[in-house]
Structure formats: C-alpha cells, structure tokens
Amino acid sequence: MTLRDRRVQALIAALALVAAAATAYALIIRHDERALADRQAEIAAKSGQVMPFDLERTTHRFAKAATGGVQTVTSDDPGDAEQVRLIREHLTAEAAGFGKGDYGDPASIHGGEMPGLRELEQGHRRIAIRYAELPDGARITYTTTDASLIAALHAWFDAQVTDHGRHAEHG
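Residues numbered from 1 in each chain as written. Predicted model: local features only at pLDDT ≥ 70, side-chain atom pairs only at ≥ 80, totals over all residues. Heavy atoms only, no water.

A. Local environment of the packing of aromatic side chains. According to the stated counting rule, one finds eight aromatic pairs in the structure shown. Both rings, one in Tyr142 and one in Trp156, keep their centres 5.8 Å apart while their planes meet at 80°; by these two values the pair is edge-to-face. With Tyr142 in strand S4 (residues 137-143) and Trp156 in helix H5 (residues 147-164), this residue pair connects regions lying 14 residues apart in the sequence. Since its relative accessible area comes to 1%, Tyr142 is described here as buried. Look at Trp156 and you get buried, because its relative accessible area is 0%. Note on Trp156 and Phe157: the rings are 6.0 Å apart at their centroids and 35° apart in plane angle, and the pair reads as tilted. Neither Trp156 nor Phe157 differs from the other in exposure class; each is buried. Taken together, the aromatic side chains of Phe62, Phe98, Tyr103, Tyr142, Trp156 and Phe157 make up a single cluster linked through ring pairs. (Phe/Tyr/Trp six-rings, centres within 6.5 Å; stacked < 30°, edge-to-face > 60°. Helix = DSSP H or I, 4+ residues; strand = E, 2+ residues; numbered from the N terminus. Buried < 20%, exposed > 50% of the residue type's maximum accessible area, 1.4 Å probe, protein only.)

And the structure:
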C-alpha cells in the first residue's frame, strides 16, 4: 500500500468519524427538543390544575432585577375582565403564600426540585414580596439584599420561562 493509499484511507476514516459525530449531535438535539416540548406540555396540563386563568389567553413575564425580580401575569386581551379577575385572585393568593414560605403551587406544577425553589422557601423571611394590580392583570415584586436569594430568584425565573415555553417570557 502506498503512502497515498494510506492517506486516502485515513481521510475516509476521518470523514466517516465526522459524519457519525454530526449524526449523533443531530439526534441529541432532536431528542432534547422533543423532551423540552414534552416537559412544556406536562407543565401546561399541571398549570391548568393550579392556575384558574387560561394560559392561552394570558402571558407570564419574569423580569430579573439587581435586588430580585418582578413576576407579571397579564391578559392578552386587556378588556377580558374575567381573565384579569382570575389573574388578580391567583397572584393575590400566591403572594400571600410566598410571604409565608409556601411555594407549594409552583412545586406541584414544576416539581420539588425546581431551581431556586428550596432556597426561596427557606429564605422567605428575607424576601419582601409585594403584590400590585395592573390594568390588565397583576404583578408580584420580590426584593432582597441577600445575594444567594437573588440568585435563587433568577434561577427560579429562568426555570419558569423554560418550563412554560410560549406562555412565558423574560422581560
């Protein structure tokens, strides 16, 4: 076998390796996308058991801040008085529960291992939680000076946006 033949064989082997790696990568990406879509469908179904408003007619926003963050839920149609009322009722109850360290609703939707959840439950006394009505819904503002709780809030916000998919956004 000539040197040229060995180089051609080595090139063919390298190309086969690259093709196999690219195929594996594409399969992993497709699997991850399918797993995420399945997770988001599961979250939407569980959300319907906890949140009284219609996810298809509302938007969740999670805005991180240097001192915590702001969670906003609004009706996609500001004139939909029923959705606005349901949002306000739910967020009023959530703010009261969170202020006591009760994050049971998010845990029942997202699971007890949701990022940030344990830290928020344990550190709830060091987080100021303020509810406010908006013309088209309501918001909860979380404020703390504890860096670890700010990080927990941000992780919790990120998990919310990922899990809720098209029903939630950063902002």
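On we go.
B. Representation of the environment of Thr145. Structurally, the position occupied by Thr145 is in the loop between S4 and H5. Overall, Thr145 belongs to the exposed group, its relative accessible area being 83%. Residues Thr145 and Ala66, 79 residues apart in the sequence, show an inter-C-alpha distance of 9.0 Å.

C. Highlighting the pattern of salt bridges. For the coordinates displayed, the defined rule picks out twelve salt bridges. Linking Glu42 and Lys46 is a salt bridge whose minimum nitrogen-to-oxygen distance equals 3.0 Å. Taken as a pair, Glu42 and Lys46 lie in helix H1 (residues 3-50) at a separation of four residues, close to a single helical turn. Judged by relative accessible area, Glu42 falls into the partly exposed class, the value being 36%. When the shortest N-O distance is used, the salt bridge between Asp80 and Arg57 registers 2.5 Å. (Salt bridge = Lys/Arg side-chain N within 4 Å of Asp/Glu carboxyl O.)

D. Highlighting empty space enclosed by the protein. Counted under the stated rule, the structure contains one cavity of 30 Å³ or more. Each pocket or cavity is described by its volume, and for the largest cavity that value is around 130 Å³. If you go around the largest cavity, you meet 18 residues; those closest to its centre are Met51, Gln71, His90, Glu94 and Gln160. Mapped onto the lining of the largest cavity, the elements with two or more residues apiece are strand S1 (58-65), strand S2 (68-75), helix H2 (81-99), helix H3 (104-110) and H5. Broken down by class, the residue content of the lining of the largest cavity amounts to ten nonpolar, six polar and two charged. (1 Å grid on protein atoms, 1.4 Å probe; cavity = no way out; pocket = protein on both sides within 12 Å on 5 of 7 lines; lining within 4 Å. Points joined across faces, edges and corners; volume = space filled by probe spheres on them. Nonpolar A, V, L, I, M, F, W, Y, C, P; charged D, E, K, R; others polar.)

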